[in-house]
Amino acid sequence: MLKIKKYTMGVMQTNVYFALNEEHGECVVIDPAANAVKLIDIAENILRTKPAAILLTHGHFDHILAAQELAAHFGIRIYAGEKERETLASPDENLSRNFNLDISITEFTPLRDGDTPELAGACFRVLETPGHTPGGVSYFTENEGKPLVFTGDTLFQESFGRTDFPGGSEKQLFDSIRNRLFTLPEETMVYPGHESETMISHEKKYNPVVYLSQLGAGGISI
């Protein structure tokens, strides 16, 4: 069974997750936001685990800043949605140029909707959840009867991601939440890209997506 450790890092206070499989002595790192040196130290000296892979929910700079350095240090692959290639590669699309950075990820293992990579002894199901970005994905795992999903900046606790960045679409975002994430088991724990975790059952009752027809009423400004 996976144990989830969260570290909030970077200028945008992004959640970095270590999904630990203690039986295997491995983990998966989801959205390594910043400070690769610190993340390496966390893995090696605090959690005492070896990353087996890096999963990216989407390509915005505040979710990918440490990915390449982390991958090189541990000799592991970066996985991301195949439709996120342009966002990952372009400093304009991934917003890094807005912060005087030049981040570009061109080498990664592309994932399609429905793919089920087995990493660190756990099977993750890829859900295409575009809207915040064109190729954003979420990662769902049954986790031995305690299901969980990493949603990036698609779904937050009682809120949702913004769509005014390049490639954003409010219709796609609403469809992703209503038709993909809200169809997951009610007891699924949600680990978002910012702020606190929540549950699918809670969001189906209290998230504004339930009753809003226009995204302009507001989402988290991330």
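The structure contained in this document is the topic of the report that follows.

Calculation criteria
Starting from 1, residues in each chain are numbered consecutively following that chain's sequence as written. Given that the model is predicted, a residue must reach a pLDDT of at least 70 before its local features are reported, and side-chain atom pairs must reach 80 or more before they are shown or counted; all residues, however, enter totals for whole chains, interfaces and linings. To get the side-chain values, all heavy atoms of the structure are used, and hydrogens and water are removed first. Runs of H or I in DSSP of at least four residues are treated as helices and runs of E of at least two as strands, each being numbered from the N terminus. Partly exposed describes any residue whose relative accessible area lies between the buried limit of under 20% and the exposed limit of over 50%, with all areas from a 1.4 Å probe on protein chains only and scaled to the type maximum. Buried Ala, Val, Leu, Ile, Met, Phe, Trp, Tyr and Cys residues that are joined via side-chain atoms within 4.5 Å together make up what is termed a nonpolar core. It only takes one pair of heavy atoms within 4.5 Å for two residues to be counted as in contact. Regarding the arc, it is the one traced by the directions from the helix axis to the C-beta atoms. The salt bridge definition used is simple: a Lys or Arg side-chain nitrogen within 4 Å of an Asp or Glu carboxyl oxygen. Angles run from 0 to 180 degrees between N-to-C directions of axes, and those axes are lines fitted to C-alpha atoms, restricted for helices to the stretch in contact. These descriptions rest on fixed angle ranges, namely under 35 degrees for roughly parallel, over 145 for roughly antiparallel, 65 to 115 for roughly perpendicular, and the rest for oblique. Crossing handedness: left-handed means the near helix sits turned counterclockwise from the far one by under a right angle, and right-handed means the same turn made clockwise. When residue character is reported, Ala, Val, Leu, Ile, Met, Phe, Trp, Tyr, Cys and Pro are called nonpolar, Asp, Glu, Lys and Arg charged, and the others, Gly included, polar.

**Focus: the environment of Ser 90**
Line of reasoning, step 1. With respect to the helices, strands and loops of the structure, Ser 90 is situated in the loop between α4 (85-89) and β6 (109-111).
Line of reasoning, step 2. We classify Ser 90 as buried; its relative accessible area is 17%.
Line of reasoning, step 3. Separated by 12 residues in the primary sequence, Ser 90 and Asp 102 place their C-alpha atoms 8.4 Å from one another.

**Re the nonpolar core**
Line of reasoning, step 1. Formed by 31 residues in total, the largest nonpolar core has its most connected members in Phe 18, Leu 39, Ile 54 and Leu 56.
Line of reasoning, step 2. Listed by contribution, the elements that provide at least two residues to this core are β2 (14-21), β3 (26-30), α1 (36-46), α2 (61-64), α3 (67-74) and β5 (77-81).
Line of reasoning, step 3. A total of five residues in this core trace back to one element, the largest contributor, which is α1.
Line of reasoning, step 4. Discounting chain neighbours no more than four positions away, the residues touching Phe 18 are Lys 3, Ile 4, Lys 5, Tyr 7, Cys 27, Val 28, Val 29, Leu 39, Ile 42, Ala 43 and Leu 47.
Line of reasoning, step 5. Counting residues in hydrophobic clusters, the runner-up holds 20 residues, among them Ile 4, Tyr 79, Leu 111 and Phe 150.

**Topic: unusual backbone geometry**
Line of reasoning, step 1. The backbone phi angle of Asn 100 is positive, close to 60°, even though this residue is not glycine.
Line of reasoning, step 2. If you trace the backbone, Asn 100 turns up in the loop between α4 and β6.
Line of reasoning, step 3. Even without glycine at this site, Ala 120 takes up a positive phi of about 50°.
Line of reasoning, step 4. Topologically, Ala 120 is positioned in the loop between β7 (118-119) and β8 (122-123).

**Looking at the environment of Phe 150**
Line of reasoning, step 1. Residue placement: Phe 150 occurs in strand β11 (residues 148-152).
Line of reasoning, step 2. According to the relative accessible area criterion, Phe 150 is buried, its value standing at 1%.
Line of reasoning, step 3. Taking the C-alpha atoms as reference points, Phe 150 and Glu 203, 53 residues apart in sequence, are found 14 Å from one another.
Line of reasoning, step 4. If we ignore the near neighbours within four places in the chain, the residues touching Phe 150 are Ile 4, Tyr 17, Ala 19, Ile 30, Thr 57, Phe 124, Val 137, Ser 138, Tyr 139 and Tyr 191.

**Remarks on α1**
Line of reasoning, step 1. Residues Ala 36, Leu 39, Ile 40, Ile 42 and Ala 43 constitute the buried set of α1. Across the axial projection of α1, the buried residues extend over an arc of 155°, all falling on one side.
Line of reasoning, step 2. Looking at the buried side of α1, the elements it contacts are β1 (3-9), β2, β4 (50-55) and α3.
Line of reasoning, step 3. Looking one or two places after α1, you find Arg 48, whose phi comes out positive at around 50°.

**A short note on the pattern of salt bridges**
Line of reasoning, step 1. Across all of its chains, the model carries nine salt bridges by this definition.
Line of reasoning, step 2. Residues Lys 83 and Glu 128 are paired through a salt bridge, measuring 3.3 Å at the closest nitrogen-oxygen approach. With a gap of 45 residues between them, Lys 83 in the loop between β5 and α4 and Glu 128 in strand β9 (residues 125-128) connect regions that are remote in the sequence.

**Here we look at the packing of α1 against α3**
Line of reasoning, step 1. It is the contact of α1 with α3, at a shortest axis distance of 9 Å, that shows an interaxial angle of 45°. In terms of axis orientation, α1 runs oblique to α3. Both α1 and α3 take part in a crossing whose hand is right-handed. Mapping the contact onto sequence places Ala 36, Val 37, Leu 39, Ile 40, Ala 43 and Glu 44 in α1 and Glu 69, Leu 70, His 73 and Phe 74 in α3.
Line of reasoning, step 2. Among the residues forming the contact of α1 with α3, the class breakdown is seven nonpolar, one polar and two charged.

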